[in-house]
Every structure is written in structure tokens, then in C-alpha cells.
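Structural characterization, general
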Amino acid sequence: MKKNIHPAYNVIDVKMTNGETIQIRSTLNRPEGMQLDIDPLTHPAWTGGNQRLLDTGGRVSRFKEKFKGFGF
């Protein structure tokens, strides 16, 4: 690995949306740390929230009808 080309890796404060502050290691070089806009404890992207597959406009059924002779 080449020397002196990598950013500094230090401890920063991260302020959560509920006001709680945690410390993590990061390459972010700001003394005030970071403020989160989206809470990772409740957001569906991180918690595996409800996911639904909607067949809007019948696209899947139109595909199946169009190609039913091909064995799809």
C-alpha cells in the first residue's frame, strides 16, 4: 500500500435525529462532526421495512399473456 495518499481516519461525533450523539471512526475531517437527517433506527431502508411488489397497470399479467406460449 502506498504511503501518505490515504485520508486521516479519526473519531467523530454523529448526532442522531432524536438528539443522541454517538462516536464513530470516519475520514470526515470536521470538528463539529455530522448531523443525520434520516434516522437509521426507524427508516425502512435500514430496518428492512415493508416491501411490496405492485403490478401497476397489469404489466406482469400483460407480459404473461403475451408470451404464454413460450413457457414463461
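Described in the following lines is the structure provided in the data block. (Residues numbered from 1 in each chain as written. Predicted model: local features only at pLDDT ≥ 70, side-chain atom pairs only at ≥ 80, totals over all residues. Heavy atoms only, no water.)

Describing unusual backbone geometry
- At Asn4, a residue that is not glycine, the phi angle is positive and equals roughly 65°.
- Within the secondary structure layout, Asn4 lies in the segment before strand 1 (10-15).
- The exposure class of Asn4 is exposed, given its relative accessible area of 80%. (Helix = DSSP H or I, 4+ residues; strand = E, 2+ residues; numbered from the N terminus. Buried < 20%, exposed > 50% of the residue type's maximum accessible area, 1.4 Å probe, protein only.)

Some words on the packing of aromatic side chains
- Evaluation of the coordinates by the stated rule reveals two aromatic pairs.
- With a centroid separation of 4.9 Å and 50° between ring planes, the pair formed by Phe63 and Phe67 is classed as tilted.
- Given the relative accessible area of 42%, Phe63 is considered partly exposed.
- When the centroid spacing of 5.9 Å and the interplanar angle of 50° are considered together, the rings of Phe67 and Phe70 count as tilted.
- Residue Phe67 is classed as partly exposed on the basis of its relative accessible area of 25%.
- Joined through ring pairs, the aromatic side chains of Phe63, Phe67 and Phe70 make up one cluster. (Phe/Tyr/Trp six-rings, centres within 6.5 Å; stacked < 30°, edge-to-face > 60°.)

Some words on the pattern of salt bridges
- All told, the structure shown has two salt bridges when counted by the stated rule.
- For the salt bridge of Glu32 with Arg30, the shortest nitrogen-to-oxygen distance reads 3.9 Å.
- Residue class for Glu32 comes out exposed when judged on its relative accessible area of 55%.
- The class of Arg30 is partly exposed, set by a relative accessible area of 42%.
- A salt bridge links Lys68 to Glu65; the nearest nitrogen and oxygen atoms lie 3.1 Å apart. (Salt bridge = Lys/Arg side-chain N within 4 Å of Asp/Glu carboxyl O.)

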